[in-house]
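Coordinate inspection notes
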Amino acid sequence: MNEVFRELQVSLEAGTPAVVATVAATRGSTPRRAGARMLVRADGSSCGTIGGGCGEAEVIVAAMEAHEDGRPRLVRVDLTNPLDGDDKICGGVMDVFVERLAP
Amino acid sequence: MAQTATARILAEVAAALEGGPPVLVATVIDAPAGATAEVGAKMLVRPDGSSVGRLGDEILDAAVLDEAPDVFRRHSVETVYVDRSGQRLSRLDAAEGDVYQVMLEVHERPATLLIVGAGHVGKALAIIGDMCGFSVEIIDDRPEFANAERFPEADRITCGRFDEVLDGYPIDSNTYVVCVTRGHKHDETSLRLVAPSEAAYVGMIGSKRRVGAVLQHLIEDGINPRAVERVHTPIGLDIGAETPEEIAVSIMAEIIRARRGGSALSMREVVRPRRGVAPEDRERPSAKL
């Protein structure tokens, strides 16, 4: 079983919620394709990757918000703006679904 | 209630990843204002069309059930855009905030790469196959080749005569079989047993002339001509591969194309947009069987 699901099971069996972020759709060049997943725990630690530097930080922020309010959200990660100078050289857009799964 | 359905869905996903039947999970990831289906709602669909949970809007449930067989076939994760009347839209036609966005994810155990022949090409293929997420299985009749020291990346290694091992060997529609033994006699013996299987892909190494003779023998021996015709041989994509490692890349590229669909052209020669296109506008992968 892949790492994210294994860790999700570990979390849920331990009675702790976890946030799963899944790349739902992409257009243009993105570091990873639909189906890439990352798990973010309430302490901010994570496993799996949806593409690293390219936008992952934004998703982790959204994941922490989801831990707070429990609401699922769709995060648009825009990697097209070269003026950001923030390692966003990929050039595409990713829709990432962020949801908290509780035991 | 909703929690119970989610727990059941996650349990079935876990079972699928461990080798059970594949499942599809549909999740509402965006909904029009005032819609009955809520963001986060999930439904699990099995290959037989039965389901667990509901998305909260019967029209949406029906649209997902309708789409499921294609998504299973593509082994994919994709987002579909559905308006409130149940009409599928392409992403470009979907006015944001006005349509449902539903993420469809197929969960299944990793595909199997069955490598018949543990020589140089087999070894390179095992490494690349493992890297690409396949569960790698090895067969060879030489104990000094078919062993865990040589193939630490393999999930299953069987040492024995090719005809004996392959007779009854489990090969399902998520198995990709590559015949790369040390000699075309062994390749022919192996192909005879794997060609009629359910395998998603069967390939055999060899020169054009030699493989033509092998295929002819199989047909003369009464193997279903359709099964023989679908064998990818000579194997691999034409990238000018020379070394065993390069040949393994060429073979894996052909397998990925069979699995995912694709033109096998250089990206810069591809003009057709492949993502964000409604399935009816998408070209069917020609290598899919």
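The paragraphs below set out a description of the structure included in this document. (Residues numbered from 1 in each chain as written. Chains lettered and ligands numbered in written order. Predicted model: local features only at pLDDT ≥ 70, side-chain atom pairs only at ≥ 80, totals over all residues. Heavy atoms only, no water.)

So, the overall build of chain B
Rules: The secondary structure listing takes helices from DSSP runs of H or I that are at least 4 residues long and strands from runs of E that are at least 2 residues long, numbered from the N terminus. Here the term buried applies to any residue with accessible area under 20% of the maximum for its type, exposed to any over 50%, and partly exposed to those in between, with areas from a 1.4 Å probe on protein chains only. The Shrake-Rupley method, run with a 1.4 Å probe sphere, supplies the accessible areas, and residue values consider only the shown protein chains as cover. Positive: Lys, Arg. Negative: Asp, Glu. His and the chain ends are not part of the count. Where a charge lies is defined by one atom per residue type: Lys uses NZ, Arg uses CZ, Asp uses CG and Glu uses CD.
Secondary structure summary: chain B contains eight helices and 11 strands in total. The buried share among the 289 residues of chain B stands at 49%. Carbon and sulfur atoms form 50% of the exposed surface of chain B, whose accessible area is close to 14100 Å². Between the centroid of the 33 positive side chains of chain B and the centroid of its 45 negative side chains there is a distance of 3 Å.

Focus: the interface of chain A and chain B
For clarity, the cut-off: The contact criterion used throughout is that any non-hydrogen atoms of two residues lie within 4.5 Å. Put simply, buried area is the surface a 1.4 Å probe can reach on two separate parts but cannot reach once they are joined, added for both. By salt bridge we mean one thing: a side-chain nitrogen of Lys or Arg within 4 Å of a carboxyl oxygen of Asp or Glu. Two N or O atoms count as a polar contact when they lie within 3.5 Å, although within protein this holds only if one can serve as hydrogen donor and the other as acceptor, and sequence-adjacent residues are included solely when both atoms are side-chain atoms.
Chain A puts 26 residues into the contact, and the matching count from chain B is 25 residues. A combined buried area of about 1900 Å² lies between chain A and chain B, and 59% of that area is made up of carbon and sulfur atoms. For the salt bridge of lysine 42 of chain B with glutamate 99 of chain A, the shortest nitrogen-to-oxygen distance reads 3.0 Å. Applying the counting rule to chain A against chain B returns three residue pairs in polar contact (both at pLDDT 80 or more).

Here we look at unusual backbone geometry
Residues and elements named next belong to chain B. The residue after threonine 233, namely proline 234, is reached through a cis peptide bond having omega -10°. Along the chain, the position of proline 234 falls in the loop between helix 7 (225-229) and helix 8 (244-260). The phi dihedral of histidine 75 falls on the positive side, at around 50°, and the residue is not glycine. As for its position among the elements, histidine 75 is in the loop between helix 2 (58-74) and strand 4 (77-82). Phi is positive for alanine 264, close to 65°, though the residue is something other than glycine. Relative to the assigned elements, alanine 264 resides in the segment after helix 8.

Section: empty space enclosed by the protein
Put simply, the test is: The way it works is a 1 Å grid over only the protein atoms, where trapped points that fit a 1.4 Å probe form a cavity and open points with protein on both sides within 12 Å along at least five of seven lines form a pocket, and then any residue with an atom within 4 Å of a point lines it. Grid points are joined across faces, edges and corners, and a volume is the space filled by probe spheres set on the points.
One pass over the structure, following the stated rule, counts two cavities of 30 Å³ or more. The computed volume of the largest cavity comes to approximately 130 Å³. Lining the largest cavity are 15 residues, and of these Phe5 and Glu99 of chain A together with Leu10, Lys42 and Glu105 of chain B sit closest to its centre.

Considering the sheet that holds strand 4 of chain B
All names here are of chain B. The condition is simple: Should DSSP find at least two bridges between two strands, the strands are taken to pair. Comment: axis = line fitted to C-alpha atoms, over the contacting stretch for helices; angle = value between 0 and 180 degrees taken between N-to-C directions.
Overall, antiparallel pairing links the six strands, which are arranged 3-2-1-6-4-5 in an open sheet. Only two strands of the sheet have a single partner each, and these edge strands are strand 3 (51-52) and strand 5 (88-89). Pairing of strand 1 (residues 23-30) with strand 2 (residues 42-45), which is carried by four bridges, proceeds in the antiparallel orientation. Directly across from valine 25, in strand 2, lies its bridge partner leucine 44. Packed onto the sheet, helix 2 meets strand 1, strand 2, strand 3, strand 4, strand 5 and strand 6 (100-107) and runs at close to 40° relative to strand 6.

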